[in-house]
Amino acid sequence: MSKSTSQSASDGSDTNHITGETYNSDPRKKTGPECESMTDVRYEIDRIDRLLVEILAERTTYIKAASRIKPDREMVRDVPRIEDVVAKVLAHSKEHNLPAEIADPVWRLLIERSIAYEYSSYDALKDSDIDN
Ligand SMILES: C=C(O[C@@H]1C=C(C(=O)O)C=C[C@H]1O)C(=O)O
């Protein structure tokens, strides 16, 4: 069990006290079982999607950092690390009742798109290093 790094502020935002990153969230009106209409459901899904965008944007800043830090282009795709990430995500998903049939393909696609972004970012950085 890991210690939470989030604190809820009175404005409804969650601030990570280590990174200072703030995710803005509208208040949750209803849990899944409390929803009675598709308006209820879609309000919550749209709210969650905005949070996911903010979290994925932060994740992607670390992909960019990896492209700056890795010394060789061959290191961009790291297969053992990919399997480590997926195994950790699946274990966490189980604890939170996120079905593996969602988590496994979503993370594998996320990682593949992250690797493609890391290659472009790596190439752009190395190109900008070349003295012409
Ligand atoms: C960020 C990294 O680069 C790649 C991206 C990964 C990811 O999106 O989680 C995992 C493995 C790497 O191939 C890394 O090596 O950790």
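The name that an unreviewed UniProt entry assigns to the chain is chorismate mutase, with the source organism given as Hirschia baltica.

Trainee: Describe the pattern of salt bridges, with residues and values.
Mentor: Under the definition given, this model contains ten salt bridges. Among the ionic pairs, R108 bridges to E83, the shortest N-O distance being 3.0 Å. Taken together, the residues R108 in helix α3 (residues 100-129) and E83 in helix α2 (residues 79-95) connect sequence positions 25 residues apart. Looking at R108, the relative accessible area reads 31%, which means it is partly exposed. Through salt bridges with shared partners, a single ionic network connects R81, D84 and K88.

Trainee: Can you break down the domain arrangement of the chain residue by residue, with the values?
Mentor: Under the domain assignment, the chain is made up of domain 1 (1-69) and domain 2 (72-132). Across the domain 1 to domain 2 interface the summed buried area is about 790 Å²; carbon plus sulfur atoms make up 63%. On the domain 1 side of the contact with domain 2, R59, I63 and S67 bury the most area, a combined 61% of that side's loss. Inspection of the domain 1/domain 2 interface yields zero salt bridges. In this structure, the connection of domain 1 to domain 2 is made through one residue pair in polar contact (both at pLDDT 80 or more). In terms of residue class, the side of domain 1 that touches domain 2 is made up of three nonpolar, two polar and three charged.

Trainee: Residue-level account of α3, with values.
Mentor: Look at α3: 42 Å from first C-alpha to last across 30 residues, which is about the 44 Å you get at 1.5 Å a residue. Those residues of α3 that sit buried are A103, L110, I111, S114, I115, E118, S121 and Y122. Taken together, the buried residues of α3 touch α1 (38-69) and α2.

Trainee: Which residues make up the layout of surface pockets, and what values go with them?
Mentor: Computed from the structure, the second largest pocket encloses a volume of approximately 250 Å³. Counting only elements with at least two residues in the lining of the second largest pocket, the list comes to α1, α2 and α3. Considering only residue class, the lining of the second largest pocket consists of eight nonpolar, one polar and five charged. The residue makeup of the lining of the second largest pocket includes at least three contributed by each of domain 1 (1-69) and domain 2 (72-132).

Rules of the game
- Residues numbered from 1 in each chain as written.
- Predicted model: local features only at pLDDT ≥ 70, side-chain atom pairs only at ≥ 80, totals over all residues.
- Heavy atoms only, no water.
- Salt bridge = Lys/Arg side-chain N within 4 Å of Asp/Glu carboxyl O.
- Helix = DSSP H or I, 4+ residues; strand = E, 2+ residues; numbered from the N terminus.
- Buried < 20%, exposed > 50% of the residue type's maximum accessible area, 1.4 Å probe, protein only.
- Domains from an automatic or database assignment.
- Buried area = accessible area lost by both parts, 1.4 Å probe.
- Polar contact = N/O pair within 3.5 Å; in protein donor to acceptor, adjacent residues only side chain to side chain.
- Nonpolar A, V, L, I, M, F, W, Y, C, P; charged D, E, K, R; others polar.
- Expected span 1.5 Å × (residues − 1).
- Contact = heavy atoms within 4.5 Å.
- 1 Å grid on protein atoms, 1.4 Å probe; cavity = no way out; pocket = protein on both sides within 12 Å on 5 of 7 lines; lining within 4 Å.
- Points joined across faces, edges and corners; volume = space filled by probe spheres on them.

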